[in-house]
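Observations on chain architecture
Each chain, written out:
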Amino acid sequence: MLPSVALVGRPNVGKSTLFNALTRSRDALVHDEPGVTRDRHYGVCRPDGQRAFVVVDTGGIAGEDQGLAGATARQARAAAEEADLVLFVVDGREGVSALDEEILAWLRKSGRPMLLVVNKTDGLDSRAALAEFARFGVADAHAVSASHRQGIGSLLEEIQGRLPEEGAAEVLDEDPDRIRVAFVGRPNVGKSTLVNRILGEERMIASDVPGTTRDSIAVDLERDGRKYRLIDTAGLRRKSRVEAAVEKFSIIKTLQAIEECQVAVILLDASEGVTEQDASVLGAVLDAGRALVIAINKWDGLSSYQREQTEALLSRRLAFVPWAESVRISALHGSGLRELFRAIHRAHASATRTFSTAEVTRALEIAYESSPPPAVRGHAPKLRFAHPGGANPPTFVVHGSRLRTLPDSYTRYLENFFRKRFKLVGTPVRFVFKEGENPYRGRKNVLTERQQARRKRLIRHARRGR
Ligand SMILES: Nc1nc2c(ncn2[C@@H]2O[C@H](COP(=O)(O)OP(=O)(O)OP(=O)(O)O)[C@@H](O)[C@H]2O)c(=O)[nH]1
Ligand SMILES: Nc1nc2c(ncn2[C@@H]2O[C@H](COP(=O)(O)OP(=O)(O)OP(=O)(O)O)[C@@H](O)[C@H]2O)c(=O)[nH]1
């Protein structure tokens, strides 16, 4: 499961800046889509080749008046207590303050694992900056500059070393035929009703998945001869655990469920359109690169006039994900479920389809020849070669030159072209651009003339020396 790391500290020490440095590291790949709200307080850090984690910006724990008892502070505490690791952020320029001491005392009491992050050390002697905070007696202190992105790499390494071990539930996918689905959405859209409806149908075999930890719940089921695993959702939680209290909407749990699934089904309430919170859940699905199906629930409650209005509104608000299928359902009456599962299946098939290098390069050639990218200052980018770069989401690696000058509109053109050619629905598609020659040229041992001449020279030398 995605572990979580909370940023705690007094106002103005640079928590938001650090949050951005950690969560926006893949800006090149994650395009800002109009219509998507990014929740400023929650994000996912996906360091290259390392384990991803949720980052929570707890908001500043303010001065004495509101102090540790204020509403913000209460939220900060709750977030910190839920986190697997706390980054206690302080200001390296201002040095130790009374409030820092207060926060530290509280963090110690909470018993959460903690790292001290001394920020704003750009232009400072970082050893001196750390020494200032040595009296805190926190063994693990890191000097960083969030705004200059200094020290972030080593901070990330330190964080990696302190995340909890991955649980048994994470060794999820033994069965490649089983589709991992998460039903996500804000409170009251009908997740529990839908999950219960799905699990309640007779033809299905539902069972709790053994080996899942206390915090992670999954249920396997079969439907129309296909196998699914429903990943932890509020709906599942309430059903499988005897818990009277209504579980509050947890963004962390939503992010975790999204990370673990292959297909995220986002539920919307037909009578309410796409709210800010819906848009932020949508944004999280896109950031994670998951396949997406939009289920518009409570369709039963609308008159035909309202239905028309809703259709028009939704198609406007969802125009930025034209590739996602939306299905109208009623969780209450169980209508639309067959279509819902078909859409899940199509999205999964697209998201996990495999490609050969030959077909990908061919597609690139055709796209390129039929519409080459525009020249910038007299030089046009050249696209030479492409190969598949992974699934879920389908990723295409394109090699060429001057690719930095490729306009976004051209990336969108390529995306649409590939979508059409490979009939990809319900999944984001990613392109990674790499400068340089065909990387397979060297591997096939095809040497340039200069390389061949050099090689012959070396061989001659070696012979003479013998
Ligand atoms: N010199 C320098 N300034 C920084 C650095 N990080 C943040 N700042 C500045 O510090 C100020 C506060 O940064 P924020 O990230 O908003 O601080 P915060 O802790 O999130 O503040 P609250 O939202 O009030 O809790 C801004 O003016 C930043 O530009 C840094 O590494 N070096
Ligand atoms: N008319 C109508 N009402 C529905 C439908 N689905 C759910 N509801 C109602 O919407 C309310 C909320 O449903 P829940 O299933 O509890 O919503 P939830 O998303 O699980 O809510 P949280 O657990 O708070 O996140 C309940 O009163 C349901 O009866 C539907 O398809 N049609």
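All values reported here derive from a predicted model rather than from experimental measurement.

Thresholds applied
Residues numbered from 1 in each chain as written. Chains lettered and ligands numbered in written order. Predicted model: local features only at pLDDT ≥ 70, side-chain atom pairs only at ≥ 80, totals over all residues. Heavy atoms only, no water. Phe/Tyr/Trp six-rings, centres within 6.5 Å; stacked < 30°, edge-to-face > 60°. Helix = DSSP H or I, 4+ residues; strand = E, 2+ residues; numbered from the N terminus. Buried < 20%, exposed > 50% of the residue type's maximum accessible area, 1.4 Å probe, protein only. Lys NZ or Arg CZ within 6 Å of the ring centre and 35° of its normal. Domains from an automatic or database assignment. Contact = heavy atoms within 4.5 Å. Buried area = accessible area lost by both parts, 1.4 Å probe. Salt bridge = Lys/Arg side-chain N within 4 Å of Asp/Glu carboxyl O. Polar contact = N/O pair within 3.5 Å; in protein donor to acceptor, adjacent residues only side chain to side chain. Nonpolar A, V, L, I, M, F, W, Y, C, P; charged D, E, K, R; others polar. pLDDT = per-residue confidence, 0-100.

The subject of this paragraph is the packing of aromatic side chains. Within this structure, the stated rule accounts for 13 aromatic pairs. Seen in terms of ring centroids, Y410 and Y413 are 5.2 Å apart; in terms of plane orientation they differ by 50°. Their pairing is tilted. Within this pair, Y410 and its partner Y413 are both found in helix α13 (residues 408-422), separated by 3 residues, close to a single helical turn. With relative accessibility at 4%, the residue Y410 sits in the buried group. In this structure Y413 comes out as partly exposed when scored by relative accessible area, which is 24%. Relative to F417, the ring of Y413 has its centre 6.2 Å away and its plane inclined at 50°; by these criteria the two rings are tilted. With Y413 and F417 both in helix α13 and 4 residues apart, this pair spans about one turn of that helix. R328 extends its terminal NZ or CZ atom over the ring of W299, reaching a point 5.5 Å from the ring centre.

The next subject is unusual backbone geometry. Residue P393 is reached from N392 by a cis peptide bond, and omega for that bond is 5°. For P393, the position within the fold is in the loop between β14 (382-388) and β15 (395-401). Positive phi outside glycine occurs at R149, with the angle close to 55°. Among the structural elements, R149 can be located in the loop between β6 (141-143) and α5 (152-162). Although it is not a glycine, R402 sits at a positive phi angle of roughly 55°. Structurally, R402 can be placed in the loop between β15 and α13. Judged by its relative accessible area of 41%, R402 is partly exposed.

As far as domains go, the protein chain holds domain 1 (4-162), domain 2 (178-352) and domain 3 (357-435). Taken together, the contact between domain 2 and domain 3 spans 17 residues of the former and 13 residues of the latter. In terms of surface lost to domain 3, no three residues of domain 2 exceed W323, S350 and A351, which account for 53% of the buried area on that side. Between domain 2 and domain 3 we count 0 salt bridges in total. At the junction of domain 2 with domain 3, the criterion picks out 5 residue pairs in polar contact (both at pLDDT 80 or more). For the side of domain 2 that touches domain 3, the element with the most residues is helix α11 (residues 337-352), which contributes 5 residues. In terms of residue class, the side of domain 2 that touches domain 3 is built from 9 nonpolar, 4 polar and 4 charged.

This part is about the pattern of salt bridges. Using the criterion set out here, one finds 18 salt bridges in the structure. Linking E101 and R135 is a salt bridge whose minimum nitrogen-to-oxygen distance equals 3.0 Å. On the criterion of sequence distance, the pair formed by E101 in helix α3 (residues 98-110) and R135 in the loop between α4 (126-132) and β6 is long-range, its members being 34 residues apart. E101 sits in the partly exposed class, given a relative accessible area of 36%. Looking at R135, the relative accessible area reads 57%, which means it is exposed. Several salt bridges converge on common partners, so that one network encompasses R10, E94 and D100.

Moving on to the environment of A324. In this fold, A324 is placed in the loop between α10 (304-317) and β13 (325-328). Along the backbone, A324 and L406 are 82 residues apart, and their C-alpha atoms lie at a distance of 26 Å.

On to the confidence of the model for the protein chain, then. If pLDDT is low for a region, its predicted coordinates should not be looked at in detail. Chain-level statistics for the protein chain give a pLDDT mean of 82 and a share of 77% at 70 or above. With pLDDT under 50 throughout, residues 25-31 is counted as low confidence; its partners more than four residues away or in other chains account for 10 contacts. Across residues 238-247 the pLDDT falls below 50, and counting only partners more than four positions away or on other chains, this stretch makes 10 contacts in the model. Both scores are given for the predicted complex: the pTM is 0.79, the ipTM 0.84.

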